[in-house]
Amino acid sequence: MTPAPTGRTGDGNPGRGVPPRPDRPQGPPRGREVPRPRPPQDPRQGPAVEPRTPWDDYSAPQAPQYPQGRDPRADQQRDPRHPSYQPNPGYQQPEYPQPGYQQPDYQQPSRQQPQPPPGYQAGHAQQAPSYQQSPSFQPHPGQQQNPSYQQNPSYQRLDGAAQDMRALDETHVPRGTRRRVPQNPEDLRPAPVPGQRARAGEYGGGPGDTEYSSGFPDGYSDNHSDGYGENESPESDAVETEEHGRSRRRAKTRRRDRLTPAQRRRRKLIRRSLAGVLAVLVFLTSYSLYGALSAPGNMSNQARIAEWARGHDMGWAVTWLENQQYQSNKPKTGGGLSPSQLADLAPPSATPTLAQGQHDLAPMKPFVPNPAPGEGVWQPTVVVNGVPVIQTAKLRSDPQHLDYLSAVAYMDQKHASFILHPGSQQPGTAGYNQTDHLSGDQFKNLIATWNGAFLLSPNDAHGGFYLNGKTYGTLVPGQASEVFYKDGTVNIGSWNSGAGFQLDPNVVGVRQNLQLLVDNGQVNPSVDSEDKKLWGVTVKNAYYVWRSGIGITADGNLVYAIGPALSVRTLAELLQRAGAVRGMELDINQEWVSYMTYDSSKGQNPPDSTKLLDFARTAQRYYSTDERDFVAVYSR
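Residue indices follow the written sequence of each chain, beginning from 1 at its first position. Only residues with pLDDT of 70 or above have their local features reported here, since the model is predicted, and side-chain atom pairs are shown and tallied only from 80 upward, although totals for entire chains, interfaces and linings are computed over all residues. The side-chain figures draw on all heavy atoms in the structure; neither hydrogens nor water molecules are used.

Trainee: How should I be thinking about the overall build of the protein in this particular structure?
Mentor: The numbering of helices and of strands both runs from the N terminus, where a helix is a DSSP run of H or I of at least 4 residues and a strand a run of E of at least 2. Scanning the protein from terminus to terminus reveals nine helices and 18 strands. When burial is assessed residue by residue, the protein has 37% of its 636 residues classed as buried. Contacts between residues were defined by any pair of non-hydrogen atoms, one from each residue, lying within 4.5 Å. Long-range pairs, those at least 24 residues apart, make up 65% of the contacts in the protein with a sequence separation of at least 6. For accessible areas, the Shrake-Rupley method is used with a probe of radius 1.4 Å. Any residue's cover is judged against the shown protein chains and nothing else. Accessible area for the protein stands at about 38300 Å²; split by element, carbon and sulfur atoms hold 52% of it. Think of it in three bands: with a 1.4 Å probe and only protein chains considered, a residue is buried below 20% of the maximum accessible area for its type, exposed above 50%, and partly exposed in between.

Trainee: What exactly am I supposed to notice about the packing of aromatic side chains here?
Mentor: Aromatic rings in a pair are described by how distant their centres are and how their planes are angled relative to each other. Stacked, tilted and edge-to-face are the three classes assigned to paired rings of Phe, Tyr and Trp, where Trp is represented by its six-membered ring and a pair needs centres within 6.5 Å; plane angles under 30 degrees give stacked, over 60 edge-to-face, the rest tilted. Within the structure shown, the criterion is met by eight aromatic pairs. Judged by centre distance (6.1 Å) and plane angle (70°), the rings of Trp 378 and Tyr 410 are edge-to-face. Taken together, the residues Trp 378 in the loop between helix H7 (339–345) and strand E1 (379–384) and Tyr 410 in strand E3 (residues 406–411) connect sequence positions 32 residues apart. A single burial state applies to Trp 378 and to Tyr 410, both of which are buried. Consider the rings of Tyr 432 and Phe 465, whose centres lie 5.7 Å apart with planes at 85°: the pair is edge-to-face. Placement of the pair is Tyr 432 in the loop between strand E4 (416–421) and strand E5 (446–451) and Phe 465 in strand E6 (residues 465–467), with a sequence separation of 33 residues. One exposure class covers both Tyr 432 and Phe 465, and it is buried.

Trainee: Could you clarify how one ought to interpret the sheet that holds E6 in this entry?
Mentor: Sheets are built from strands that pair by backbone hydrogen bonding, the pairs being arranged parallel or antiparallel. Two strands pair under a simple rule: DSSP has to find at least two bridges between them. With antiparallel pairing, the five strands of this open sheet are ordered in space as E7-E6-E10-E8-E9. Each edge of the open sheet is held by one strand with a lone partner, namely strand E7 (470–472) and strand E9 (490–494). When the angles between neighbouring strand axes are averaged without regard to direction, this sheet yields 20°. Sheet topology places strand E8 (residues 480–485) next to strand E10 (residues 507–512); five bridges connect them, and they run antiparallel. Counterpart to Tyr 485 in the pairing with E10 is Val 507. Fitted lines through C-alpha atoms give the axes, limited to the stretch in contact for helices. The angle between two N-to-C directions lies from 0 to 180 degrees.

Trainee: I tried to follow the sheet that holds strand E18 (residues 630–635) on my own but got confused; where do I start?
Mentor: Taken together, the five strands give an open sheet; going across it, the order is E4-E18-E5-E16-E17, and neighbouring strands pair in antiparallel fashion. In this open sheet, the two strands that pair with only one neighbour each are E4 and strand E17 (608–611). When the angles between neighbouring strand axes are averaged without regard to direction, this sheet yields 20°. Where E5 and strand E16 (residues 595–599) come together, three bridges link them in antiparallel fashion. When the bridges of E16 are listed, Ala 448 appears paired with Thr 597.

Trainee: What's the story with the packing of helix H5 (residues 301–310) against helix H6 (residues 315–328) in this structure? I'm lost.
Mentor: Any two packed helices are characterised by the angle at which their axes cross and by the distance between the axes. H6 packs onto H5 with a crossing angle of 140° between their chain directions and a minimal axis gap of 7 Å. Classed by the angle they form, the pair H5 and H6 counts as oblique. From H5, Ala 306, Ala 309 and Arg 310 reach across to H6, where they touch Gly 315, Val 318, Thr 319 and Glu 322. The residue makeup of the contact of H5 with H6, split by class, is three nonpolar, two polar and two charged. Oblique is the label for any angle not under 35 degrees, not over 145, and not in the 65 to 115 range, which are roughly parallel, roughly antiparallel and roughly perpendicular in turn. In this classification, the charged set is Asp, Glu, Lys and Arg, the nonpolar set is Ala, Val, Leu, Ile, Met, Phe, Trp, Tyr, Cys and Pro, and all remaining amino acids, among them Gly, are polar.

Trainee: What is the right way to look at H6 in this model?
Mentor: In this analysis, the expected span of each helix is defined as 1.5 Å times one less than the number of residues it contains. Over its 14 residues, H6 runs 20 Å from end to end, which matches the ideal 20 Å to within 8%, given 1.5 Å per residue. Listed in full, the buried residues belonging to H6 are Gly 315, Val 318, Thr 319, Glu 322, Asn 323 and Tyr 326. An end-on view of H6 places all buried positions within 135° of arc, on one side of the element. Opposite the buried face of H6, by more than 90 degrees, sit the exposed residues Trp 316, Trp 320, Leu 321 and Ser 328. Here the arc refers to the set of directions running from the helix axis out to each C-beta atom.

Trainee: Got a minute to help me understand the confidence of the model for the protein in this structure?
Mentor: Low pLDDT means the predicted coordinates in that region are not meant to be read closely. The predictor reports its confidence for every residue as pLDDT, a score running from 0 up to 100. Residues with a pLDDT of 70 or more make up 58% of the protein, whose mean pLDDT is 74. Here residues 148–172 is a poorly scored stretch, pLDDT under 50, and it has 44 contacts once near neighbours within four places are set aside; other chains count. When the criterion is pLDDT under 50, residues 198–232 qualifies, and its contacts beyond four places in sequence or with other chains add up to 47 contacts.

Trainee: I would appreciate a short explanation of the nonpolar core in the present structure.
Mentor: Among the nonpolar cores identified, the biggest contains 76 residues, and Met 411, Phe 418 and Trp 450 are the most heavily contacted of them. A per-element tally of this core places strand E14 (residues 558–566) first, with six residues. Nonpolar cores are built from buried Ala, Val, Leu, Ile, Met, Phe, Trp, Tyr and Cys residues. Side-chain atoms within 4.5 Å join them into one set. Residues Leu 475, Val 483, Tyr 485 and Trp 495 belong to the second largest nonpolar core, which totals eight residues.

Trainee: Looking at this structure, I do not really get a nonpolar patch on the surface. What am I missing?
Mentor: Residues enter patches when they are more than 30% accessible in relative terms and free of salt bridges; like-charged ones are connected within 9 Å and nonpolar ones (Val, Leu, Ile, Met, Phe, Trp, Tyr) within 5 Å. In what follows, salt bridge is the name for a side-chain nitrogen of Lys or Arg lying within 4 Å of a carboxyl oxygen of Asp or Glu. Together, Val 280, Phe 283, Leu 284 and Tyr 287 line one region of the surface with nonpolar side chains, adding up to about 470 Å² of accessible area. Here Val 280 is to be found in helix H4 (residues 261–293).

Put into structure tokens, the structure is as follows:
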């Protein structure tokens, strides 16, 4: 169709960018449900039918129908100029001219006859103009008609007003808002409002609904059923769904088209700014996480991500994930020991020879009513010159979790020395005279190592770290502390509680972590509390997870406890059962606990290492850079 810039866009709204034409009628508004144009019809399917438009449904107002069949205006006086005007029966037409009237005498001015056009030949019939030969040509009622085209069978008399209104449909539609012209009567059925579904047997009629006049040819009906009846097919719902989607997309496009250029620029600027900020955040996060994953150390990627998150104020997320993991993998209750665990409890085939006056420790009292053979029995693990410097025992720590073995290591301080080492990240090696791993001469006389405690940054330990004159954080009075002295000995107690637990020239190292689990030989009554400041924020204290702790006996020797299914209370009871009079909790979770013994008698560098239990870290954990602080044990 030829575009006519009348200011209409096809949806009843004034055209965008096209001024309306006040000299031409705009016509009724068109609904937004008018579909888009279809592709041209295949010539092999026969001649194409002229597409219908909504203007075909528009008709002139019908004459009103009255119940009695009589127009109440029939008795009113009509316009005498109307052709159907009839004077009243008693009215007499006056005669003209009236008596005595004298008609004036004048001459009508002569008219100049028009000249015939060039090429006109007299005596030949003049052919009707080309526009009169068109089937749609409608002459004026008072104009003389040429009988040549009246005899043409293709001549059709059309209503002039309808033809003019049909031409009004040829309006300019901006790109992106065009409508499909329906080619069959069913496409003229009004689509329901998006988000609503018409009731069966109707497409409107309610308040606010648009009335649609029937534009169907004879043989079609307005009354269609919305169900799958005689006039419907299952494919109709798919067509309606597609129309709904197109209607929503068109509405969104119209909303965008209504924006002014300033609004579009403002929205584009906001979107680009948000995208830029997001890109910067993603870049910085990725760069920081890459640095954590590529840092030197033997920690797993999972542990590295957890440490990175805790160091960037996301410890709450790590704690939540650890709690969820625990809920899905709780330690089993009941059961019994496996054959491999029973083999670990059995005494070794080759018992080392002890020096005169040296003997094994008395067995520990088991926690279960029916202990297995060898449960709680001490065995010499590291013997130096006939002296059992380190003795170990394994046993179950509570009568509910019977599938898990815990272990305790007893270390004789008269024949061993202890050195505190910083970690590469906790607290870092800058300014300290010790390294974050063992190498070279540090393997000489090495007999054991054990793990450090909670994080110092963020300060999950609620304490500080001190080594060779440099303090990391703050040493908090009253917190449980491992205190290292110049003579290589270690003591466990509450900081600032008395002699030996204050900074003086004899103290070379301090590692603090939470509060004492065991004090004066008694388990701390607050071990069942869920206070995060007391026992940490990683998991709740009642959870049975991998835990470790260190204690000191009444005779000044050290005991180290470790187990896969320990709570804060069972860890304290295990230290107490091993003879500790003061004890503290060290690190927890499978990735952080470790206790290894070493055999330096063969002169190997590095020496052979053996794990006390089957925890996650390797037996060579401290042969390379380690992220956390640890303690190395040497024979004297």
